[in-house]
Amino acid sequence: MSLNRKVRPNLTNYDVLEMVRSELRESEKRVMKKMVVTAVCTVFSIFMIITLVVTTQGKTVRNYAAEAMKKAFEAERAVYIIDEAAGTNFLEQSKQTK
């Protein structure tokens, strides 16, 4: 107990009750500080995890987009080659009709 009071030889029940109450208040303050620190750390951890997931998924999405663009370019090139090889010139005819 950390009360700065004179110790009397004849403690009453009221004195003991007052000391116990002060100790309870101090312990409640310590528990609340620990709870607040725990809550802040939890929120910070959740934020960091979300940031990590978004960062890693962003790279994956960019890779998927780049791959899709490459495949689309290759498909367009293949259609152009087939169109010229067949001699139909459908691509040029469709450009002229627009």
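**Observations regarding the overall build of the protein chain**
So, point 1. Across its full length, the protein chain carries 2 helices and 0 strands.
So, point 2. Residue burial in the protein chain is summarised as follows: out of 98 residues, 4% are buried.
So, point 3. Roughly 9,200 Å² of accessible area belongs to the protein chain as shown, and the carbon and sulfur atoms make up 66% of that amount.

**A closer look at the UniProt feature "transmembrane region" (unreviewed entry) in the protein chain**
So, point 1. Taken from the UniProt record, the annotation "transmembrane region" (unreviewed entry) applies to residues 35-54.
So, point 2. Secondary structure content for residues 35-54 is 100% helix and 0% strand, and the end C-alpha separation is 29 Å.

**Digging into helix H1 (residues 13-86)**
So, point 1. Here H1 contains 74 residues, and its C-alpha end-to-end distance of 107 Å stays within 8% of the 110 Å for a straight helix at 1.5 Å per residue.
So, point 2. Listing the buried residues of H1 in full gives Asp-15, Met-19, Ser-22 and Asp-83.
So, point 3. Following H1 by one or two positions, Gly-87 has its phi on the positive side, about 75°.

**Some thoughts on a positive patch on the surface**
So, point 1. Residues Arg-21, Arg-25, Lys-29 and Lys-33 make up a contiguous surface patch of positive charge.
So, point 2. Tracing the chain through its elements places Lys-33 in helix H1.

**A word on a nonpolar patch on the surface**
So, point 1. A cluster of nonpolar side chains, Val-31, Met-32, Met-35, Val-36 and Val-40, forms an exposed patch at the surface whose accessible area comes to about 470 Å².
So, point 2. A relative accessible area of 49% means that Met-35 is categorised as partly exposed.

Conventions used here
Residues numbered from 1 in each chain as written. Predicted model: local features only at pLDDT ≥ 70, side-chain atom pairs only at ≥ 80, totals over all residues. Heavy atoms only, no water. Helix = DSSP H or I, 4+ residues; strand = E, 2+ residues; numbered from the N terminus. Buried < 20%, exposed > 50% of the residue type's maximum accessible area, 1.4 Å probe, protein only. Areas by Shrake-Rupley, 256 points an atom, 1.4 Å probe, with all protein chains shown as cover. UniProt positions renumbered as here; feature names shortened; annotations may be inferred. Expected span 1.5 Å × (residues − 1). Patch = residues over 30% accessible without salt bridge, like charges linked within 9 Å, V, L, I, M, F, W, Y side chains within 5 Å. Salt bridge = Lys/Arg side-chain N within 4 Å of Asp/Glu carboxyl O. Lys, Arg positive; Asp, Glu negative; His and termini not counted. Charge placed at Lys NZ, Arg CZ, Asp CG, Glu CD.

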